[in-house]
Amino acid sequence: MRETTVTAEPAIGTETASTPIFDPVLGTPDIGQGWILYLDGITVSFDGFKALDGLSLYVDAGELRCVIGPNGAGKTTMMDVITGKTRPDSGVAYFGRRIDLLKLDEPEIASLGIGRKFQKPTVFSGHTVLENLELAGAPRKGVWHALRARMSGEERDRIDEALAIVGLAQHAHRPAGQLSHGQKQWLEIAMLLVQRPQLLLIDEPVAGMTRQETEMTAELLTSLAGKHSVVVVEHDMDFVRSIARKVTVLHEGRVLAEGRMEDIQNDPRVVEVYLGE
Amino acid sequence: MLFRRLLTDDRGGRLFLAALGVVTVIVPIANLVMPPDSPLHVSTFTVALLGKFLCYALLAIALDLVWGYAGILSLGHGAFFALGGYAMGMHLMRQIGSRGVYGHPELPDFMVFLNWEKLPWYWHGFDMFWFAMLMVVLVPGALAFVFGWLAFRSRVKGVYFSIITQAMTYALMLAFFRNEMGFGGNNGLTDFKDLLGASLQAPSTRVALFVVSAIALAGGYLVCRYIVTSRLGRVLTAIRDSEDRVRFVGFKVEHYKVWVFTVSAMLAGLAGALYVPQVGIINPTEFQPLNSIELVVWVAVGGRGTLYGAALGALAVNYAKSVLTVEFPDAWLFALGALFVIVTLLLPSGVSDAAAAIKRLLARRLRHA
């Protein structure tokens, strides 16, 4: 947790922004406009209920963005659209300027460099921490390759680095199922990190955490921003206040307000739907 | 080096292979060398019975690979076993030649009986042993590949997948019952004479088939160990534990499922092919859904996710079955049902975990005492 200097991770939003992941098929996201994520007019309806209603969201490279909103505002559906789990009825979703996310499936989007952490910690409970990271960090994910693959020194280095960032180095050989709730959340974040993501989507990272764990997570997420773009969906307003630079408020599938936390807190519309509760 | 990786953390597997090796040496000697009146003699009937059990054990390992490791509960694995059996049966039928009841040089008896003029196209090639052996694995493999691809691509999983595999084996059973299919209808394929020139009635052939079955079982065990100890195996268990996470980590879950389902079906086909010459018949009842369910019980009883547990479960349940069906013919299905309930409730990891379960129980007793 304490180590905030990471050297091997490609830095985005700086001069070296052209170095990140290159996928031979899909290409490198072109972030020329400064956007890493561009959602415009996304509409998703389930049986007539509009979970997202013309949602537009633009996230800058290297930014740490918090998305808040009452239950049913469409936060998780938005994550589903970005990661390819749900196809919207209309709208556009681009990663960088050129990569159309709506044409890709989950594994393809994941290998492009969009990592997602679920609300409930989902790690492979039967595997050790190390094995969890081995699978997440495997550079090639094909079946035949996996049959013969051995962990390379480079993979191992990247895993050790991620373990150090989330503070789980001494737990590397424990089964993931035995970790505490907070440790599972961090393992999941480490699993995203070894995939060298450019964009991290993090759903309710501190739900169920102790206060100390929450503080450590806040520190972790702020240290990741800059090197990665991070979108955090969270309910815990104290937590959002502690990390937020820019906040987007969703309400009924739309952006209700966007801006700095202080401005958002004083926005009467926001107070009405959410903060006033 | 390779063996070290396969067996280092696998005490149960080492014991299993050692026991299998001992039996494979002793049984042939006891049958062929010991005189029939010696108490150490093992009858040819017993050799064939044991050989049959070994085939079941291989089938159980194949199911454990998909169910125990990848979490795919197939309730139609008997179909792949039966298809492998039919491929072998077709070869054995072609070997009969003109020695059939009707003495036709090429057509099997049932085709002559149905007034067929010539061999259907899909019977060609089965007179060659190598071709038949290829079909033993390719036919079940191809079915599993196509079926798996359609099902997994549509993200059919859990109990829904189990149900359609039941439907698959049931549909195949109905199809194979039809005379028009050209597989002997409800009589199936039987009256086999010899295999590779050796008479199937000769004790030496029986012993050879038993030994080959034992080798196939050991080989199948090692192949499955190789798979489950590889990174691929870790992806499979990860799919079992958290499929969505595997997908979001960047693995094509469908490809992995289709792959393991196909490999498992090929092993099942091999088991079926070894089974048929030892029992002397293959007919559509091998496709009946109940067979596939019994197979699941073997694996559950032995303990899934260990491979050797599945094999032991198959051996133990089938031994119990052959004893009980002789002593109390009506009681078997009740015993099978009871066994399944008891194992599910008390021993979720099967008999291979019984020692640990007993230890837990004793520890609890001691604490209360």
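Our structure's up above, just so we're on the same page.
Residues numbered from 1 in each chain as written. Chains lettered and ligands numbered in written order. Predicted model: local features only at pLDDT ≥ 70, side-chain atom pairs only at ≥ 80, totals over all residues. Heavy atoms only, no water.

## So, the overall build of chain A
And then number 1: When helices and strands are counted, chain A shows 10 helices and 10 strands.
And then number 2: Here chain A, with 277 residues, has 57% of them falling under the buried criterion.
And then number 3: Look at the contacts in chain A between residues 6 or more apart in sequence, and 68% of them connect residues 24 or more apart.
And then number 4: Accessible surface for chain A amounts to roughly 11700 Å². Of this, 49% is attributable to carbon and sulfur atoms. (Helix = DSSP H or I, 4+ residues; strand = E, 2+ residues; numbered from the N terminus. Buried < 20%, exposed > 50% of the residue type's maximum accessible area, 1.4 Å probe, protein only. Contact = heavy atoms within 4.5 Å. Areas by Shrake-Rupley, 256 points an atom, 1.4 Å probe, with all protein chains shown as cover.)

## Quick word on the packing of aromatic side chains
The geometry of two aromatic rings is summed up by the distance between their centres and the angle between their planes.
Residues and elements named next belong to chain B.
And then number 1: If you walk through the whole model with that rule in mind, you get 28 aromatic pairs over all chains.
And then number 2: Taking 5.5 Å as the distance between ring centres and 55° as the angle between the ring planes, the aromatic pair formed by Phe16 and Tyr221 counts as tilted. Highlighted residues: Phe16 in helix 2 (residues 11-32) and Tyr221 in helix 8 (residues 203-228), separated in sequence by 205 residues.
And then number 3: Here the aromatic rings of Phe147 and Phe161 are separated by 6.1 Å at their centres, their planes lie at 65°, and the arrangement is edge-to-face. With Phe147 in helix 6 (residues 129-153) and Phe161 in helix 7 (residues 158-177), this residue pair connects regions lying 14 residues apart in the sequence. Here Phe147 and Phe161 have matching classes, each one buried.
And then number 4: Three or more aromatic residues joined by ring pairs form one cluster here, namely Tyr86, Phe110, Trp121, Tyr122, Trp123, Phe176, Phe183 and Phe287. (Phe/Tyr/Trp six-rings, centres within 6.5 Å; stacked < 30°, edge-to-face > 60°.)

## Here's the deal with the packing of helix 6 of chain B against helix 11 (residues 253-279) of chain B
Residue and element names in this part refer to chain B.
And then number 1: Running from amino to carboxyl end, helix 6 crosses helix 11 at an angle of 150°, the nearest separation of the two axes being 8 Å. Taken together, the axes of helix 6 and helix 11 are roughly antiparallel relative to one another. Where helix 6 crosses over helix 11, the two elements pack in a sense that is right-handed. Contacts from Val136, Val137, Leu138, Pro140, Gly141, Ala144, Phe145, Phe147, Gly148, Trp149, Phe152 and Arg153 of helix 6 reach helix 11 at Glu254, His255, Lys257, Val258, Phe261, Thr262, Ala265, Met266, Gly269, Leu270 and Ala273.
And then number 2: Residues belonging to the contact of helix 6 with helix 11 are distributed by class as follows: 15 nonpolar, five polar and three charged. (Axes fitted to C-alpha atoms, helices over the stretch in contact; angles between N-to-C directions. Parallel < 35°, antiparallel > 145°, perpendicular 65-115°, else oblique. Left-handed = near helix turned anticlockwise from the far one by under 90°. Nonpolar A, V, L, I, M, F, W, Y, C, P; charged D, E, K, R; others polar.)

## Focus: the sheet that holds strand 1 (residues 35-46) of chain A
All names here are of chain A.
And then number 1: The four strands lie next to each other as 2-1-4-5, forming an open sheet whose pairing is antiparallel. The open sheet has two edge strands, strand 2 (49-60) and strand 5 (99-100), and neither has a second partner.
And then number 2: Pairing of strand 4 (residues 90-95) with strand 5 involves two bridges; the strand directions are antiparallel. What sits directly across from Tyr94, in strand 5, is Asp100.
And then number 3: Docked against the sheet, helix 1 (residues 75-82) engages strand 1 and strand 2, running at close to 115° with respect to strand 1. (Pairing = 2+ DSSP bridges.)

## What to know about the packing of helix 3 (residues 129-137) of chain A against helix 9 (residues 231-241) of chain B
And then number 1: Helix 9 of chain B packs onto helix 3 of chain A with a crossing angle of 100° between their chain directions and a minimal axis gap of 11 Å. Classed by the angle they form, the pair helix 3 of chain A and helix 9 of chain B counts as roughly perpendicular. For the pair helix 3 of chain A and helix 9 of chain B, the contacting residues are A:Glu131, A:Glu134 and A:Leu135 in the first and B:Arg231, B:Arg234, B:Val235 and B:Ala238 in the second.
And then number 2: Among the residues making up the contact of helix 3 of chain A with helix 9 of chain B, the classes are represented as three nonpolar, no polar and four charged.

## Focus on the pairing of strand 9 (residues 246-251) of chain A
Residues and elements named next belong to chain A.
And then number 1: Bridge analysis of strand 3 (residues 64-68) against strand 9 gives four bridges, and the strand direction is parallel. Residue pairing for strand 9: Val67 is matched across the bridge by Thr248.
And then number 2: Sheet topology note: the strand 9/strand 10 (residues 254-259) ladder contains five bridges and is antiparallel. Directly across from Leu250, in strand 10, lies its bridge partner Val255.
And then number 3: Where strand 9 folds back onto strand 10 in an antiparallel hairpin, the turn is made up of two residues, including Glu252, whose phi is positive at roughly 50°.

## Some words on the sheet that holds strand 10 of chain A
Remark on secondary structure: sheet strands pair via backbone hydrogen bonds, oriented parallel or antiparallel.
Residues and elements named next belong to chain A.
And then number 1: An order of 6-7-8-3-9-10 is seen for the six strands of this open sheet, with the pairing classed as mixed. At either end of the open sheet lies a strand with only one pairing partner, and these are strand 6 (114-117) and strand 10. Pairwise comparison of adjacent strand axes, ignoring direction, gives a mean angle of 20° for this sheet.
And then number 2: Relative to strand 7 (residues 199-203), strand 6 runs parallel, the two being bridged by four bridges. Looking across to strand 7, one finds that Gly115 is bridged to Leu200.
And then number 3: Where helix 1 meets the sheet, it contacts strand 3, strand 6, strand 7, strand 8 (229-233) and strand 9, and its direction lies at approximately 150° from that of strand 7.

## Remarks on helix 9 of chain B
Note on helix geometry: an α-helix contains 3.6 residues per turn, so any two residues three or four positions apart are oriented the same way.
All names here are of chain B.
And then number 1: When you tally the buried positions in helix 9, you get nine out of 11 residues, the bulk of the element.
And then number 2: Among the residues of helix 9, Arg231, Leu232, Gly233, Arg234, Val235, Leu236, Thr237, Ala238 and Ile239 are the ones counted as buried.
And then number 3: One side-chain oxygen at the N-terminal end of helix 9 lies 3.2 Å from the backbone nitrogen of Leu232; it belongs to Ser230. (Polar contact = N/O pair within 3.5 Å; in protein donor to acceptor, adjacent residues only side chain to side chain.)

## Describing helix 1 of chain A
Residues and elements named next belong to chain A.
And then number 1: Within helix 1, seven of the eight residues are buried, which leaves it mostly tucked inside the rest of the structure.
And then number 2: Within the sequence span of helix 1, burial applies to Lys75, Thr77, Met78, Met79, Asp80, Val81 and Ile82.
And then number 3: Two residues or fewer past helix 1, Gly84 is found with a positive phi of approximately 85°.

## Section: the side chain of A:Thr83
And then number 1: Summarising the element assignment, A:Thr83 is placed in the loop between helix 1 and strand 4.
And then number 2: Dropping the residues within four chain positions of it, A:Thr83 is found in contact with A:Glu106, A:Ile109, A:Ile114, A:Arg116, A:Leu201 and B:Phe248.

## As for a nonpolar patch on the surface
And then number 1: Taken together, the side chains of B:Val22, B:Val25, B:Ile26, B:Ile29, B:Leu32 and B:Val33 make up a nonpolar region of the molecular surface, amounting to roughly 550 Å² of accessible area.
And then number 2: As for its position among the elements, B:Val25 is in helix 2. (Patch = residues over 30% accessible without salt bridge, like charges linked within 9 Å, V, L, I, M, F, W, Y side chains within 5 Å. Salt bridge = Lys/Arg side-chain N within 4 Å of Asp/Glu carboxyl O.)

## Some thoughts on the environment of A:His171
And then number 1: Mapped onto the fold, A:His171 is located in the loop between helix 5 (153-166) and helix 6 (181-193).
And then number 2: Among the polar contacts listed, one links the side chain of A:His171 to the side chain of A:Gln183, at a separation of 3.2 Å.

## Quick notes on the state of the cysteines
Disulfides are covalent bonds that link the sulfur atoms of two cysteine residues.
And then number 1: A complete count under the given rule lists zero disulfides over all chains for this structure.
And then number 2: Here B:Cys55 is not disulfide-linked; the sulfur of B:Cys224 is the nearest cysteine sulfur, at 15 Å. (Disulfide = S-S within 2.5 Å.)

## With respect to the pattern of salt bridges
And then number 1: In the structure shown here, the tally under the stated rule is 31 salt bridges over all chains.
And then number 2: A salt bridge links A:Asp238 to A:Arg241; the nearest nitrogen and oxygen atoms lie 3.0 Å apart. With A:Asp238 and A:Arg241 both in helix 8 (residues 237-243) and three residues apart, the pair spans about one turn of that helix.
And then number 3: Under the relative-accessibility criterion, A:Arg241 is labelled partly exposed at 39%.
And then number 4: Several salt bridges share partner residues, and in doing so they unite A:Lys85, A:Glu106, B:Arg155, B:Lys157, B:Glu243, B:Asp244, B:Arg247, B:Glu254 and B:Lys257 into one network.

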